[in-house]
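Here are the chains, one letter per residue:
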Amino acid sequence: MVRDAPEDLERRFAAGAVAGPRSVPIDRRIVEREYQTDCIEILTGAVHRGQRKMLVEIAAGTGETRTASARADNRRNLRLPCLR
């Protein structure tokens, strides 16, 4: 897996190669609840602001696996780098 350097990500952002956080819709077949989409939008916005570490806390049985799956799908569609 290749991770982009911050300078490369900034260059891609300026060139329009990385979509904005709200430009790719969240797949409603994966997440159905509003708080799940809110969580994905917050995480995507944080990545776009350069935040590299985030913690998501969701109560058991409220769709945490679906939220993570939709976030991964959204990240792939936005062409964001995978951050660790």
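Please read all numbers here as calculations on a predicted model, not as lab measurements. (Residues numbered from 1 in each chain as written. Predicted model: local features only at pLDDT ≥ 70, side-chain atom pairs only at ≥ 80, totals over all residues. Heavy atoms only, no water.)

Moving on: the overall build of the protein. For the protein, the count of helices and strands is three helices and zero strands. Going through the 84 residues of the protein one by one, you find that 32% of them count as buried. When contacts within the protein are restricted to residue pairs at least 6 apart in sequence, long-range pairs at least 24 apart make up 73% of them. Per element, the accessible surface of the protein, about 5,800 Å² overall, is 53% carbon and sulfur. (Helix = DSSP H or I, 4+ residues; strand = E, 2+ residues; numbered from the N terminus. Buried < 20%, exposed > 50% of the residue type's maximum accessible area, 1.4 Å probe, protein only. Contact = heavy atoms within 4.5 Å. Areas by Shrake-Rupley, 256 points an atom, 1.4 Å probe, with all protein chains shown as cover.)

Counting through the fold element by element, Ile40 comes out in helix H2 (residues 34-48). C-alpha separation for the pair Ile40 and Ala70, spaced 30 residues apart in sequence, amounts to 7.7 Å. The residues touching Ile40, leaving out its near neighbours within four places in the chain, are Ile26, Val31, Thr67, Ala70, Arg71 and Asn74.

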